[in-house]
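Spelled out from the first residue to the last, the chains are:
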Amino acid sequence: MGAGGRMNEATIDKSVMKRVPTEKTPFQISDLKKAIPPHCFKRSLATSSYYLFRDIAICYTFYYLASNYIPLLPKPLSYIAWPIYWFCQGSSFMGIWSIGHDLGHNAFSEYQWLDDALGFVLHSSFLTPYFSFKYSHRSHHAHTNSMEYDEVWIPKRKADTLYSEVLNNPLGNMFMTVVRLLLSFPMYFTFNIHGREYDGFASHFYPQSPIFNASERKQIWLSDAGMLIAFYALYKVAAATSASWLFCIYGAPLLVMNGHFIFFTFLHHSHPSLPHYDSREWDWIRGALCTVDRDYGIFNTIFHDVTCAHVVHHLISTIPHYHTVEATKAIKPILGDYYKYDDTPILKAFWRETKECIFVEPDQGAENSGVYWFRR
């Protein structure tokens, strides 16, 4: 039985690692839209608002319990209770942040102005520059897995020896994991870490950044203003309470949220079976299909299915989150082998991708194919 179990696991792993086709797809985006039930495209303000207010209520409940009862616990218990609160509240933050992400895609309601107003408030509350992220993220969706033009999780090349040689070992992998989960979120917005190369200073906080075009720069200023207001509000809270109280109630959960974001976006776009393309071979629909759906258990619900229905989100980003699972089921028969789903346990998958997805290179003998695969 033991040998059979190992054989079955090996078969599953082999299936999961099977490369997706790189030929041009036999279907178009119009074919996928026709297969999706019409109601999946409906953005209901009432339904979207329900999920938003539900998440806010959960967030407030965690805050109320932590601020009123954890300080009453004896120290040995409080040392356990605070980390539990940080993880639960950080996960709650991530759920609200995910709704803010949907607002940036105009997937919340039929009203763009309302989506932008709500998204600006929500993302600013979590120290995320709303319009800056909205515009760079839109470019990411327009150029997914393009070696030259994608906006985030740009893979390294073998020539970058810091990654392909110096850090390509268990200790280096562990170091990169810690740095990635703790620092990548603010470093991406501030210094464009994991982003594409630009001429000039690329930052989500710099209105003249080459990330943005001329028509977008005024709203980058607005994003910066939202961040300043949020920082000022946090300063006033710290002054009225204490810096340690603010860290325990807000700062530590925010770090957990940042870690969640990096964790699942890394897993969205890092898989040994998914290619990257350069300009000789890239097209939009194959690029959009170069992401992977995974099963996060209860976190699928907490994160509004951005984890388990990410492929369809890249294909049609205005579908609201409460319809993405149904839409995914509708298009899977058409996508066939172009659809990638990996049910490997999440922590195992994260460590596997951390070890296996170090840099990309074309296959030997196919150096001019324009198709690149992850290597280690």
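Just so you know, these numbers come straight off a predicted model, no measurement behind them. Every chain begins its residue count from 1, and numbering advances along the sequence as written. Local features are withheld for residues below a pLDDT of 70 in this predicted model, meaning they are given only at 70 or higher, and side-chain atom pairs are given and counted only at 80 or more; totals for whole chains, interfaces and linings count all residues. Note that water and hydrogens are dropped before the side-chain values are worked out from all heavy atoms of the structure.

*Asks:* What is the right way to read the nonpolar core from this model?
*Replies:* Nonpolar cores were defined as sets of buried Ala, Val, Leu, Ile, Met, Phe, Trp, Tyr and Cys residues, with membership established by side-chain atoms within 4.5 Å. Burial classification: accessible surface area is computed with a 1.4 Å probe over protein chains only, and a residue below 20% of its type maximum counts as buried, one above 50% as exposed, and the rest as partly exposed. Within the largest apolar cluster, 45 residues are counted, with the highest numbers of intra-cluster contacts made by Trp97 and Met257. By definition, any uninterrupted DSSP run of H or I lasting at least four residues is a helix, any uninterrupted run of E lasting at least two residues is a strand, and each is numbered from the N terminus. Counting residues per element, this core draws most heavily on helix H10 (residues 243-269), at 10 residues.

*Asks:* I'm lost on the sheet that holds strand S5 (residues 371-375) in this one. Help?
*Replies:* Backbone-to-backbone hydrogen bonds pair the strands of a sheet. The strands run either parallel or antiparallel. At least two bridges found by DSSP between two strands are what make those strands a pair. Here we have 3 strands laid out as an open sheet, ordered S1-S5-S4, and antiparallel in their pairing. Of all the strands in the sheet, the pair left with one neighbour each is strand S1 (276-277) and strand S4 (359-361). Bridge analysis of S4 against S5 gives 3 bridges, and the strand direction is antiparallel. Considered in S5, the bridge of valine 360 is made with phenylalanine 374.

*Asks:* Any chance you could explain the confidence of the model for the protein chain here in plain terms?
*Replies:* Fine structural detail should not be taken from predicted coordinates in areas where pLDDT scores are low. Of the residues in the protein chain, 96% have a pLDDT of 70 or more, and the chain-wide mean is 95. Counting interchain partners and residues more than four positions distant, the pLDDT-below-50 stretch residues 1-12 has 1 contact. In predicted models, pLDDT denotes the confidence assigned by the predictor to each residue on a 0 to 100 scale. What makes two residues a contact is simply this: any of their non-hydrogen atoms within 4.5 Å.

*Asks:* Honestly, empty space enclosed by the protein in this entry has me stumped. Any pointers?
*Replies:* To find leftover empty space, one rolls a probe the size of a water molecule over the atoms. We place a 1 Å grid over just the protein atoms. Points where a 1.4 Å probe fits but has no way out form a cavity, open points with protein on both sides within 12 Å along at least 5 of 7 lines form a pocket, and any residue with an atom within 4 Å of a point lines it. Grid points are joined across faces, edges and corners, and a volume is the space filled by probe spheres set on the points. For the structure shown, the criterion picks out 6 cavities of 30 Å³ or more. Here the largest cavity defines a volume of roughly 290 Å³. Ranked by residue count, the leading element in the lining of the largest cavity is helix H8 (residues 170-191), at 4 residues. For this scheme, ten residues count as nonpolar: Ala, Val, Leu, Ile, Met, Phe, Trp, Tyr, Cys and Pro. Four count as charged, namely Asp, Glu, Lys and Arg, and the remainder, Gly too, count as polar. Among the residues making up the lining of the largest cavity, the classes are represented as 10 nonpolar, 6 polar and 2 charged. A volume near 220 Å³ is recorded for the second largest cavity.

*Asks:* In this structure, what is going on with helix H5 (residues 112-125)? I would like to understand it.
*Replies:* For the α-helix, the turn length of 3.6 residues means that residues three or four positions removed from each other point alike. Under the convention used throughout, the expected extent of a helix is 1.5 Å for every residue step, that is, one less than its residue count. Helix length check: H5 (14 residues) gives 20 Å between terminal C-alpha atoms against 20 Å at 1.5 Å per residue, within 8%. Every buried residue of H5 is listed here: Leu114, Asp115, Asp116, Gly119, Phe120, Leu122, His123 and Ser124. On its buried face, H5 sits against helix H3 (45-69), helix H4 (75-104), helix H6 (130-142) and helix H9 (217-240). Immediately beyond the C-terminal end of H5, within one or two residues, lies leucine 127, with a positive phi of roughly 55 degrees.

*Asks:* Which parts of the structure should I look at to understand a nonpolar patch on the surface?
*Replies:* Two distance rules govern patches: like charges are joined within 9 Å, and nonpolar side chains (Val, Leu, Ile, Met, Phe, Trp, Tyr) within 5 Å, applied only to residues with over 30% relative accessible area and no salt bridge. Here the open area of atoms and residues is found with the Shrake-Rupley method and a 1.4 Å probe, where only the protein chains shown may cover a residue. By definition here, a salt bridge exists when the distance from a side-chain nitrogen of Lys or Arg to a carboxyl oxygen of Asp or Glu is within 4 Å. Where nonpolar side chains cluster on the molecular surface, the patch consists of Met174, Val178, Leu182, Leu183, Met187, Phe191, Ile193, Phe201 and Tyr206 and spans about 810 Å² of accessible area. Within the secondary structure, leucine 183 sits in helix H8. Classification of leucine 183 by relative accessible area gives partly exposed; the value is 45%.

*Asks:* I would appreciate a short explanation of the packing of aromatic side chains in the present structure.
*Replies:* The description of two aromatic rings rests on the distance between their centres and on the angle between their planes. Note on ring pairs: Phe, Tyr and Trp rings are taken, using the six-membered ring of Trp, and paired if centres are within 6.5 Å. Classes follow the plane angle, with under 30 degrees stacked, over 60 edge-to-face and the rest tilted. Counted by the stated rule, this structure contains 31 aromatic pairs. A ring pair is formed by phenylalanine 185 and phenylalanine 189, whose centres lie 5.0 Å apart and whose planes are at 80 degrees; its orientation type is edge-to-face. Of this pair, phenylalanine 185 and phenylalanine 189 both sit in helix H8, 4 residues apart, roughly one helical turn. For phenylalanine 185, a relative accessible area of 4% translates into the label buried.

*Asks:* Would you explain the environment of threonine 61 in this entry?
*Replies:* Secondary-structure assignment places threonine 61 in helix H3. Separated by 28 residues in the primary sequence, threonine 61 and glutamine 89 place their C-alpha atoms 9.4 Å from one another.

*Asks:* Looking at this structure, how should I read the pairing of S5?
*Replies:* On a regular strand, one side chain projects to one face of the sheet and the next to the other, so that they alternate. With 4 of 5 residues buried, S5 lies mostly within the body of the structure. Both S1 and S5 contribute to a ladder of 2 bridges, which runs antiparallel. Considered in S5, the bridge of histidine 276 is made with tyrosine 372.

*Asks:* Honestly, the layout of surface pockets in this entry has me stumped. Any pointers?
*Replies:* Of the volumes computed, that of the largest pocket is approximately 560 Å³. Lining the largest pocket are 22 residues, and of these Ile154, Lys156, His194, Gly195 and Glu197 sit closest to its centre. No other element matches the 6 residues that H8 contributes to the lining of the largest pocket. Of the residues assigned to the lining of the largest pocket, the class counts are 9 nonpolar, 4 polar and 9 charged.

*Asks:* Looking at this structure, I do not really get H6. What am I missing?
*Replies:* In a regular helix each residue adds 1.5 Å, so 13 residues correspond to 18 Å; H6 covers 18 Å between its end C-alpha atoms and thus fits that length. Counted residue by residue, H6 has 11 buried out of 13 residues, so it is predominantly covered. The set of residues buried in H6 consists of Tyr130, Phe131, Ser132, Phe133, Lys134, Tyr135, Ser136, His137, Ser139, His140 and His141.

*Asks:* Mind showing me how you'd approach the side chain of threonine 307 here?
*Replies:* By the secondary structure assignment, threonine 307 is in the loop between helix H12 (298-302) and helix H13 (310-315). The class of threonine 307 is buried, set by a relative accessible area of 0%.

*Asks:* What's the story with the environment of alanine 366 in this structure? I'm lost.
*Replies:* Note on placement: alanine 366 falls in the loop between S4 and S5. Residue alanine 366 is classed as partly exposed on the basis of its relative accessible area of 26%. Sequence separation of alanine 366 and aspartate 337 is 29 residues, and the distance between their C-alpha atoms is 22 Å.

*Asks:* Would you take a moment to explain the pattern of salt bridges for this structure?
*Replies:* For side chains bearing opposite charge, pairing can occur when the charged atoms are close. Tallied over the entire structure, the rule returns 18 salt bridges. For aspartate 342, the salt bridge identified is with arginine 352, shortest N-O distance 2.6 Å. Note that aspartate 342 is positioned in strand S3 (residues 341-342) and arginine 352 in helix H15 (residues 346-356), a separation of 10 residues in sequence. Under the relative-accessibility criterion, aspartate 342 is labelled buried at 0%.

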